[in-house]
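Structural description and commentary
Chain by chain, the residues:
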Amino acid sequence: ANLEEADLHHADFSQAKLQQANLANVKLAGVNFSGADLRGANLSGAHDAHSAVIDAQTNFTAAICPDGLTVDGTQISTCVGHGF
């Protein structure tokens, strides 16, 4: 999915399969990503990610975080602290 620059304010993506989605520069205020599969998603430049809802099941494997760092599973294992 290509949602680049979309305003996703308060959207419910809980349990959504968003592998490889382009979410660059989207507005994420209040978005629910609980249990979402964001493997390989591009979240670079996402706005208001700190207010998005995530949980332990939210999968950020190989995702690009809002701050531009990639989850490599070694040095960076999640986007928490990298925009979320």
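Note: the structure precedes this text.
Structural notes, computed from the coordinates. Worth saying up front: this structure is predicted, and the values here are computed from it rather than measured. (Residues numbered from 1 in each chain as written. Predicted model: local features only at pLDDT ≥ 70, side-chain atom pairs only at ≥ 80, totals over all residues. Heavy atoms only, no water.)

**Focus on the pattern of salt bridges**
Counted by the stated rule, this structure contains 1 salt bridge. Residue Arg 39 is joined to Asp 37 by a salt bridge in which the shortest nitrogen-to-oxygen separation is 2.6 Å. Under the relative-accessibility criterion, Arg 39 is labelled partly exposed at 36%. (Salt bridge = Lys/Arg side-chain N within 4 Å of Asp/Glu carboxyl O. Buried < 20%, exposed > 50% of the residue type's maximum accessible area, 1.4 Å probe, protein only.)

**A short note on the environment of Ser 51**
With relative accessibility at 33%, the residue Ser 51 sits in the partly exposed group. Residues Ser 51 and Ile 76, spaced 25 residues apart in sequence, show a C-alpha to C-alpha distance of 20 Å. Residues within four places of Ser 51 in sequence aside, it is in contact with Leu 28, Ala 29 and Gly 30. Here the side chain of Ser 51 touches Gly 30 through a polar contact of 3.2 Å, landing on its backbone nitrogen. Only 3.0 Å separates the side chain of Ser 51 from the backbone oxygen of Asp 48, close enough to count as a polar contact. (Contact = heavy atoms within 4.5 Å. Polar contact = N/O pair within 3.5 Å; in protein donor to acceptor, adjacent residues only side chain to side chain.)

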